[in-house]
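Overview (structure and organization)
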Amino acid sequence: MVSSSSSSSSFPPAQPTSMEPVSPPLSTTQPNDMSDAVKRTPTSLKRERRQSLVHASVRDALAGAAAGAFAKTAVAPIERVKLLMQLSRSASAASAPASEGMVPTGSAMQVAKSVYQTQGVLAFWRGNTPNVVRQAGAAALNFMLMDWYKRAIAPIMHWSLSLPSQRNVEDRVKRRKLISSFLSGGLAGGTTTTFLYPVEFMRTRLAMDVGATKDTRLYPRGMRDVFCGIWKTDGIRGLYQGYGIALSGVVIYRALHLGGYDAAKTEILHRRRYSAEREEGGGNETVNIDLTMSERFAAAQIVSIVSGTICYPIDSVRRRLMMQAGQPMDERLYRNSIDCFRKVFANEGMSGFFLGIGPNIIRSFGGALLLVGYDVFKGMIGV
């Protein structure tokens, strides 16, 4: 039997024995406690983790898609000028001048003026529809897959900490975070490129269509004409022209772009946290170390310019390969990416790889806008 002293406020109520009748609970919190206990079974925990992962992935995808569509539409005129300059020397022997218009040449201002005078203001957004589709899908997949890859390789990074090393634990953890950021960014970029490369291909061909009217345009019906025309001549391989060099390039670019931005934020926060701890003498008080919007944008702008400039020659080669899809093999300028590198360097020098780099640096504003916009949209969706 349970003694009366066992029901004092300093001890929990004694559990009834099998000989005592079980009275109904007086507290309304017990059913909630029971339901919480049920939720914490192994099966329920797995289900909760799976649902949490799906929710996080959907949130990342929506935030990335919204940021990508917004950023690409904002910088579409700059990007078309950049493409016209970048491919001006290869287009004369490719399929773009099949229309009556000629590819404009000169400085960025001269190209922009020529597009406005001959094709109209809306021509600056020519090819923007597949660009938005590609970029929204790419941004959604990149950010979603980057977080997914980061979680996937987390056990490996954690295991590597157990290996013998002369560095202190804090430096090793910091190094693993940087490696994880660059590795997950590169893997996400490679996966995304594989799925969305045909859309990028169609966007490039539409941007180089310089006809002013439907009668003079090479692809008057847009994406459908590009797809059908290349499919008839080259099949699926034509839509993946330049894919090999693009895959290697995008892994490097995304590792520098996504991973570099993530690493830059981690480094800034680490230094700020370290400074705050030193000022407070190692106290445990909570310190606000979140990045401001201007700090995020500055970090994103630097990362976008550096990554875009480093990978620009690879981008130039893959776009030149794109422009010769659909032509007979004996009429193509370049046999493969290595042959393209060799001929461009021999005939045009290093400057041939950096045609349109000026507008591309200005366009990096869109890359910074994408990274910061992702953080903003992700916070809005998470609320």
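Reading the values: rules and limits
- Residues numbered from 1 in each chain as written.
- Predicted model: local features only at pLDDT ≥ 70, side-chain atom pairs only at ≥ 80, totals over all residues.
- Heavy atoms only, no water.
- Helix = DSSP H or I, 4+ residues; strand = E, 2+ residues; numbered from the N terminus.
- Contact = heavy atoms within 4.5 Å.
- Areas by Shrake-Rupley, 256 points an atom, 1.4 Å probe, with all protein chains shown as cover.
- Core = buried A, V, L, I, M, F, W, Y, C linked by side-chain atoms within 4.5 Å.
- Buried < 20%, exposed > 50% of the residue type's maximum accessible area, 1.4 Å probe, protein only.
- pLDDT = per-residue confidence, 0-100.
- Salt bridge = Lys/Arg side-chain N within 4 Å of Asp/Glu carboxyl O.
- Expected span 1.5 Å × (residues − 1).
- Arc of directions from axis to C-beta.
- Axes fitted to C-alpha atoms, helices over the stretch in contact; angles between N-to-C directions.
- Parallel < 35°, antiparallel > 145°, perpendicular 65-115°, else oblique.
- Nonpolar A, V, L, I, M, F, W, Y, C, P; charged D, E, K, R; others polar.
- Phe/Tyr/Trp six-rings, centres within 6.5 Å; stacked < 30°, edge-to-face > 60°.

Right, let's talk about the overall build of the chain for a bit. Counting its secondary structure elements, the chain contains 14 helices and zero strands. Of the contacts made within the chain by residues no fewer than 6 positions apart, 79% connect residues no fewer than 24 positions apart. Of the accessible surface of the chain, which amounts to about 21,200 Å², a share of 63% is contributed by carbon and sulfur atoms.

Attention now goes to the nonpolar core. With 13 residues, the main nonpolar core has Val81, Leu84, Val103, Val111, Val115, Phe124 and Met208 as its most contacted residues. When contributions to this core are tallied by element, the ones reaching two or more residues are helix 3 (76–86) and helix 5 (108–119). Residues within four places of Val111 in sequence aside, it is in contact with Val81, Leu84, Met85, Pro104, Thr105 and Gly106. In this structure, Met202, Leu239, Ala246 and Ala325 belong to the second largest nonpolar core, which totals 12 residues.

A separate point is the confidence of the model for the chain. This prediction gives the chain a mean pLDDT of 76; 77% of its residues lie at or above 70. Taken together, the stretch residues 1–23 has pLDDT below 50 and engages in seven contacts with residues farther than four places along the chain or on a different chain. The low-confidence segment residues 92–100 (pLDDT under 50) makes 23 contacts with residues lying over four places distant or belonging to another chain.

Another aspect to go through is the pattern of salt bridges. Counting across every chain of the model gives 13 salt bridges. We note a salt bridge from Arg221 to Asp225, for which the minimum N-O separation is 2.7 Å. Residue classification places Arg221 among the exposed residues on the basis of a relative accessible area of 52%. Its relative accessible area of 14% is what places Asp225 among the buried residues. Through salt bridges with shared partners, a single network forms among Lys82, Glu200, Asp315, Arg318 and Arg319.

This part takes up helix 8 (residues 223–234). Taking 1.5 Å per residue as the helical rise, helix 8 with its 12 residues ought to reach 16 Å, and the 16 Å between its terminal C-alpha atoms agrees with that figure. Within the sequence span of helix 8, burial applies to Asp225, Val226 and Ile230. The arc that holds every buried residue of helix 8, seen down its axis, measures 110°, which confines them to one face. Buried residues belonging to helix 8 abut helix 7 (169–207) and helix 9 (236–239).

Time to look at the packing of helix 7 against helix 12 (residues 312–323). Following both chains from N to C, one finds helix 7 and helix 12 inclined at 75°, their axes separated by 10 Å at the closest point. Considered as vectors, helix 7 and helix 12 are oriented roughly perpendicular to each other. The segment helix 7 lies against helix 12, with Tyr197, Glu200, Phe201, Thr204 and Arg205 engaging Arg318, Arg319, Met322 and Met323. Looking at side-chain class alone, the contact of helix 7 with helix 12 contains four nonpolar, one polar and four charged residues.

Inspection of every chain in the model, using the stated rule, returns seven aromatic pairs. Seen from their ring centres, Trp148 and Tyr149 are 5.3 Å apart, and the 75° between their planes marks the pair as edge-to-face. On the basis of relative accessibility, which here comes to 42%, the residue Trp148 falls in the partly exposed class. Pairwise contacts between aromatic rings join Tyr197, Tyr240 and Tyr243 into one cluster.

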